[in-house]
Amino acid sequence: MKELKFKISETSLRYGMYNNYKKGHTASVETELNQSKDPNKWRNDILQLRTMNCRVDDNKIPNDLIDACRKNEKNKTNVTDIFVFDNILVNGEKLDVDASYCMYIKEEISETANIINASHNSNTHLGRLMIHYPISFDYRKDGFNINNRLILDKIMEENGDYAFVVNGFVYYPETHTLNFLVKLVGPRGILLTSVFKEGKGVGQKLKIDDSFSYENNVIVTCKRNLVTGKEDIEIEEVNRTRSSNGLKGEEFVYELLKSKLLEDNDLFHTSKTYKFSPYDIEYIEDGIKKYIEVKATQGNKEVFNLSSGELKFMNEHKENYILYMVTNVNSEFPNYKTYTYKDIMDMKMTPVSYRVTA
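Below is a short write-up of the structure. Along each chain, numbering runs from 1 in the same order as the chain's sequence is written. Local features in this predicted model are restricted to residues whose pLDDT is 70 or higher, and side-chain atom pairs enter the listing and the counts only when it is 80 or higher, whereas totals over whole chains, interfaces and linings include all residues. Note that the side-chain values use all heavy atoms of the structure and ignore hydrogens as well as water.

1. Details of the overall build of the chain
If you tally the helices and strands in the chain, you get seven helices and 22 strands. Buried means the residue's accessible area, taken with a 1.4 Å probe over protein chains only, is under 20% of the maximum for its type, while exposed means over 50%, and partly exposed covers the values in between. Across the 358 residues in the chain, those meeting the buried criterion constitute 46%. Between two residues, a contact is recorded if the distance between any of their heavy atoms is within 4.5 Å. A sequence separation of at least 24 residues applies to 62% of the contacts in the chain between residues at least 6 apart. Carbon and sulfur atoms provide 48% of the accessible area of the chain, an area that totals close to 20,200 Å². Helix and strand assignments follow DSSP, with helices taken as H or I runs no shorter than four residues and strands as E runs no shorter than two, numbered in order from the N terminus. Here the accessible surface of atoms and residues is derived via Shrake-Rupley with a 1.4 Å probe, and residues count as covered only by protein chains that are part of the display.

Okay, here's the thing in structure tokens:
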């Protein structure tokens, strides 16, 4: 049986970011499956999960598990399907975690819906199907070991403590394995407003807040102090150069890869969308994500700097990391060379001196 690959609603599943909106903006952790009245426009890709041996049999679903799926619901719903995944991959690599991940489909069955003034109205969402994948879902009894948050924590840990967005999944029915398709968007605690350019929000649009200003290599983060209850402001190095040469180099490498790679490789200019991502470009090769860092100069000397953050990321992903050094980037035909982790480690490093001043 062929694997099933599907996208989920944009920004609906994100982790490790600090919510700095005044009115808040929580991840929706759900994707609508049948928004259109035309069945041909339904999310039939996701609905295929029902036939791909990851669905819990109706006669084996404890009532407590169904109740957990219905937690905090406003309108009456019916849990139609529960999917439990025991084997987890992240961008094609095994995640070592002793827990299962759960998704479930709910159908709205209320004929009326509550509105603001506590009166009732006809429920326009009657019959709507949504697939849910809540961050805090936790059910560890009746033979189940479901802990969605533990899995998300482990993903962040394995990726070097970077915040991330889940763009979709691949399910392999023969091995009962769920592969998370993850993009890293910045250091843990990065401001929500610095990650997303636009989208739907609660009370206001989810977009970059123009009241914040960022230097090329610095980001301001706010974190609530659990002792004082106040927000602590922290400065974190982002290690992302936004020079004209750097952007030209990234565009050059992206177009180069676009011409060289086979189709269906999920080539993506990551730093163009997520400007604080720890890498510039990504693609999939043999089911594994490759991370591309781009350095560029208008001269012909192959010299580049790697910050501590970039070195940390390279060490975390050494097997799947490639650095492109682009020279003469402003010319009609730039030159480039590629370097693996081993290549970089074999280079002669320039000594760094420190001077302590009073």
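2. Structural notes on the pairing of strand 1 (residues 4-7)
Burial of strand 1 is one-sided: the residues L4 and F6 facing one way are buried, the residues K5 and K7 facing the other way are not. Looking at chain direction, strand 1 and strand 14 (residues 162-172) are connected through four bridges and run antiparallel. Looking at the pairing, K7 lines up with G168 of strand 14. Strand pairing is assigned whenever DSSP detects at least two bridges linking the two strands.

3. Digging into the sheet that holds strand 8 (residues 101-108)
Across a sheet, strands are paired by hydrogen bonds formed along the backbone, either parallel or antiparallel in direction. Taken in spatial order, the four strands make up an open sheet running 4-11-8-5, and their pairing is antiparallel. Two strands lie at the open edges of the sheet, namely strand 4 (30-32) and strand 5 (77-85), each paired on one side alone. The average angle at which neighbouring strand axes cross in this sheet is 20°, direction not considered. When strand 5 meets strand 8, the two strands line up antiparallel, connected through eight bridges. Residue N78 lies in a different strand from strand 8, and its bridge partner there is E107. Fitted lines through C-alpha atoms give the axes, limited to the stretch in contact for helices. The angle between two N-to-C directions lies from 0 to 180 degrees.

4. A word on the environment of V84
Locating V84 in the fold gives a position in strand 5. According to the relative accessible area criterion, V84 is buried, its value standing at 16%. In sequence terms V84 and N145 are 61 residues apart; their C-alpha atoms lie 9.5 Å from each other. Each residue touching V84, except ones within four places of it in the same chain, is listed here: C54, V56, S100, Y101, C102, F144 and I146.

5. Details of the pattern of salt bridges
Salt bridge, as applied in this entry: a Lys or Arg side-chain nitrogen positioned within 4 Å of an Asp or Glu carboxyl oxygen. Under the defined criterion, the tally for this structure stands at 19 salt bridges. For the salt bridge of D161 with R188, the shortest nitrogen-to-oxygen distance reads 2.7 Å. Taken as a pair, D161 in the loop between helix 3 (148-158) and strand 14 and R188 in the loop between strand 15 (177-187) and strand 16 (190-191) lie far apart in primary sequence, 27 residues in all. Within this structure, R50, R55, D58 and D81 form a network of salt bridges that share partners.

6. Description of the packing of aromatic side chains
Aromatic rings from Phe, Tyr and Trp, taking only the six-membered ring of Trp, are treated as a pair when their centres fall within 6.5 Å; an angle between ring planes under 30 degrees marks them as stacked, one over 60 as edge-to-face, and anything in between as tilted. Across all of its chains, the model carries 16 aromatic pairs by this definition. Ring plane angle 65° and centroid distance 6.1 Å describe the contact between Y139 and F144, whose orientation is recorded as edge-to-face. On the accessibility criterion, Y139 (4% relative accessible area) is buried. What makes F144 buried here is its relative accessible area of 17%. Ring pairs connect the aromatic residues F6, Y101, F169 and F180, which therefore count as one cluster. The lysine or arginine in question, K183, covers the ring of F268, its NZ or CZ lying 4.5 Å from the ring centre. In this scheme, the term charge over a ring applies when either NZ of a lysine or CZ of an arginine sits within 6 Å of the ring centre and within 35 degrees of the ring normal.

7. Here's the deal with helix 6 (residues 308-316)
Every buried residue of helix 6 is accounted for by G309, E310, F313 and M314. Taken around the axis of helix 6, the buried residues stretch over an arc of 135°, which confines them to a single face. Looking at the packing, one finds that the buried side of helix 6 touches strand 14, strand 15, strand 20 (288-296), strand 21 (321-327) and helix 7 (341-345). What the arc measures is the spread of directions leading from the helix axis to the C-beta atoms.

8. Considerations on the environment of K60
Position of K60 relative to the elements: it lies in the loop between helix 1 (44-47) and helix 2 (63-69). Among the residues examined, K60 registers a relative accessible area of 57% and is labelled exposed. Sequence spacing of K60 and D142 is 82 residues, and the spatial spacing of their C-alpha atoms is 9.6 Å.

9. Points about the sheet that holds strand 20
Here we have four strands laid out as an open sheet, ordered 19-20-21-22, and mixed in their pairing. A single partner strand is all that each edge strand has here, and the edge strands are strand 19 (281-285) and strand 22 (335-340). Pairwise comparison of adjacent strand axes, ignoring direction, gives a mean angle of 25° for this sheet. As defined by bridge partners, strand 19 adjoins strand 20 across five bridges and the pair is classed as antiparallel. For E285, the partnering residue across the bridge sits in strand 20 and is I288. Running over the sheet, helix 4 (residues 244-260) touches strand 19, strand 20, strand 21 and strand 22 and is turned about 140° from strand 20.

Function cannot be read off these values alone, since they describe shape.
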